[in-house]
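# Residue-level structure breakdown
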Amino acid sequence: MGSKRKFSEFHTESSGNGETRDHHSGFHASKRSNHKKAKTNPNNINWVKKRARTIERRFKTGQNMPANIQNDLERELAHHQQKIEDAADEKKRKKMIKKYHMVRFFERKKADRLAKKIKSQLKTATDEKEIAKLNEDLHRAEIDSIYTRYFPYREPYVSLYPVAAQGEEKNNEAQDTSSAAQALHNERPPLWKVIEEASARGIRELIIIRERKLNGDARGKLPAKNDSKDPKTAESLATSESIRSQSKGKTKRGEKPEPSDASDSDGGFFEED
């Protein structure tokens, strides 16, 4: 039986045959850089901004380029700049909706409760002068309700009713109706009259006011044109909005309303940040 070979002898023999292996050589060579190139994504606003800056830099460097390529880049830059402007406008719109959501909601509830109270008084009224006065008050309360829904989203909201004094319960229905009734004949903001006139022409005109921009541009998502010759009156608008609100569920007292999508096509305040 032969003796075992020493390790030194084995190492010397393998070295002579050139079979020495370096276990670490080429370990990192197999690894390749796996950097992915940024994909084109026109729907990503960050990509749009980056692309717009790239085109602007090309123009600033004064590179000589064919006229057709320059025209294409100019049109692309204008398109990206418009998308950036629209994104900034939408962000501000959502911010303003969130900021004035509560005050608009509570004033709408006050106006709806007052209108409901006046309608019940009309059922029992017999004097012609009293009926005429109640009809006038009802119209004013209904326009107040429409005002809270269609006041321009991008502008600071101008309140209709005075703020309740400290110590008063904000969600007390009687107090809400009382404060709305006391302020019913107060002077209204200038936009109130504009909304009153628009309500006689239909909901499309009201949405144009609600979606108007600060520079006077009223571009926004508008509903399909209604071919009906008879536009909705203020009373029918207020009634339809009240029915929608009731169908969505009543808000419990002492409970804050849930903000919802602000782009709903029904034109109500509860829509969508």
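Details of the structure are given in the entry above.
Everything in this summary refers to the structure shown in the same document. The residue numbers shown here count from 1 along each chain, following its written sequence. Residue-level local features of this predicted model are given only where pLDDT is at least 70; pairs of side-chain atoms are given and counted only at 80 or more, and the full residue set underlies all totals for whole chains, interfaces and linings. Hydrogens and water molecules were not included; the side-chain quantities draw on all heavy atoms of the structure.

### Focus on a positive patch on the surface
Counted only if it meets this: Like charges are joined within 9 Å and nonpolar side chains (Val, Leu, Ile, Met, Phe, Trp, Tyr) within 5 Å, but only among residues with over 30% relative accessible area and no salt bridge; these make up the patches. Surface accessibility in these figures is a Shrake-Rupley result with a 1.4 Å probe; residues are shielded only by whichever protein chains are displayed. Within this document, salt bridges are pairs made up of a side-chain nitrogen of Lys or Arg and a carboxyl oxygen of Asp or Glu, the two lying within 4 Å of each other. Charged residues are defined here as Lys and Arg on the positive side and Asp and Glu on the negative side; His and the ends of the chain fall outside this count. To locate a charge, the coordinates of NZ of Lys, CZ of Arg, CG of Asp or CD of Glu are taken. Note on conventions: DSSP H or I runs of at least 4 residues are helices, E runs of at least 2 residues are strands, and numbering of each starts at the N terminus. Exposure is judged per residue with a 1.4 Å probe applied to protein chains only, and the accessible area is read against the type maximum: over 50% gives exposed, under 20% gives buried, and values in between give partly exposed.
On the surface, a cluster of positive charge is contributed by Lys49, Lys50, Arg53, Arg57, Lys60, Lys91, Lys92, Lys95 and Lys99. At the level of secondary structure, the elements contributing two or more residues to the positive patch comprise helix H2 (45-60) and helix H3 (67-99). The exposure class of Lys91 is exposed, given its relative accessible area of 65%.

### Re the pattern of salt bridges
This structure, assessed with the given rule, holds 16 salt bridges. Asp137 serves as the salt-bridge partner of Lys133, at 3.1 Å between the closest nitrogen and oxygen. Of the two residues, Lys133 and Asp137 both sit in helix H5 (residues 128-150), 4 residues apart, roughly one turn of that helix. Exposure remark for Asp137: the relative accessible area of 6% places this residue in the buried category. Residues participating in the shared-partner salt-bridge network are Asp86, Asp89, Glu90, Arg93, Arg154, Arg210, Glu211 and Lys213.

### As for the packing of aromatic side chains
Which entries qualify depends on this criterion: Here the aromatic set is Phe, Tyr and Trp, taking the six-membered ring for Trp, and pairing holds for ring centres within 6.5 Å; pairs whose planes are under 30 degrees apart are stacked, those over 60 apart are edge-to-face, and all others are tilted.
Following the criterion strictly, the structure yields 4 aromatic pairs and no others. Measuring from centroid to centroid gives 5.8 Å for Tyr147 and Tyr157, while their planes differ by 50°, and the two rings are tilted. With Tyr147 in helix H5 and Tyr157 in the loop between H5 and helix H6 (173-182), this pair connects stretches of sequence that are 10 residues apart. Tyr147 gets classed as buried once you look at its relative accessible area, which sits at 0%. Relative to Tyr157, the ring of Phe151 lies with its centre 5.2 Å away and its plane at 75°, an arrangement referred to as edge-to-face. Note on accessibility: Phe151 and Tyr157 belong to one class, buried.

### A few points about H5
Threshold: Here, expected helix span is obtained from the residue count minus one, scaled by 1.5 Å. Think of a polar contact as two N or O atoms within 3.5 Å of one another; within protein, one of them needs to be a possible hydrogen donor and the other a possible acceptor, and neighboring residues in sequence only count if both atoms come from side chains.
An ideal rise of 1.5 Å per residue puts 33 Å on 23 residues; H5 measures up with 33 Å between its terminal C-alpha atoms. Measuring from the side-chain oxygen of the N-cap residue of H5 to the backbone nitrogen of Lys129 gives 3.2 Å; that N-cap residue is Asp127.

### Re the environment of Arg188
Counted only if it meets this: In what follows, a contact means two residues having at least one pair of non-hydrogen atoms within 4.5 Å.
Mapping Arg188 onto the fold places it in the loop between H6 and helix H7 (190-201). By relative accessible area, Arg188 is classed as buried at 11%. Each C-alpha atom, one on Arg188 and one on Leu160, is 6.9 Å from the other, the two residues being 28 residues apart in sequence. Contact partners of Arg188, with chain neighbours within four places excluded, come to Arg140, Asp144, Leu160, Tyr161 and Ala183. Only 2.9 Å separates the side chain of Arg188 from the side chain of Asp144, close enough to count as a polar contact. For Arg188, the side chain forms a polar contact with the main-chain oxygen of Ala183, separated by 2.8 Å.

### Section: the packing of H7 against helix H8 (residues 203-210)
As a reminder, the rule being used: With axes taken as lines fitted to C-alpha atoms, and helix axes fitted only over the stretch in contact, angles between N-to-C directions fall between 0 and 180 degrees. Residue polarity follows a fixed list, in which Ala, Val, Leu, Ile, Met, Phe, Trp, Tyr, Cys and Pro are nonpolar, Asp, Glu, Lys and Arg are charged, and the others, Gly among them, are polar.
Closest axis-to-axis distance for the H7/H8 pair is 6 Å, and the angle between their directions is 145°. Here Val194, Ile195, Ala198, Ser199 and Arg201 of H7 lie close against H8, whose contacting residues are Glu205, Leu206 and Ile209. Residues that form the contact of H7 with H8 fall into these classes: 5 nonpolar, 1 polar and 2 charged.

### Some thoughts on H2
In an α-helix, one full turn covers 3.6 residues, which means residues spaced three or four apart are oriented alike. Definition in use: Working note: the arc is built from the helix axis to C-beta atom directions.
Along its 16 residues, H2 runs 23 Å from first to last C-alpha, staying within 8% of the 22 Å computed at 1.5 Å per residue. Within H2, the full set of buried residues consists of Val48, Ala52 and Ile55. Looking straight down H2, one finds that the buried residues subtend no more than 65° of arc, so they occupy a single side. The exposed set on the far side of H2, more than 90 degrees from its buried face, consists of Asn46, Lys50 and Lys60. Residues of H2 that are buried sit in contact with H3. Immediately beyond the C-terminal end of H2, within one or two residues, lies Gly62, with a positive phi of roughly 70°.

### Structural notes on the nonpolar core
For clarity, the threshold we go by: As used in this record, nonpolar core signifies buried Ala, Val, Leu, Ile, Met, Phe, Trp, Tyr and Cys residues forming a set joined through side-chain atoms within 4.5 Å.
Tyr147 and Ile195 are the most contacted members of the largest nonpolar core, which totals 29 residues. Within the residue set of this core, elements represented by two or more residues are helix H4 (101-124), H5, H7 and H8. Considering each element in turn, this core owes the most residues, 7 residues, to H5. Sequence-distant contacts of Tyr147, that is, excluding residues within four places in its chain, are made with Tyr157, Val158, Leu160, Pro189, Leu191, Trp192 and Ile195. The next biggest cluster of nonpolar side chains, apart from the first, holds 5 residues, and it includes Ala52, Ile55, Met65 and Leu77.

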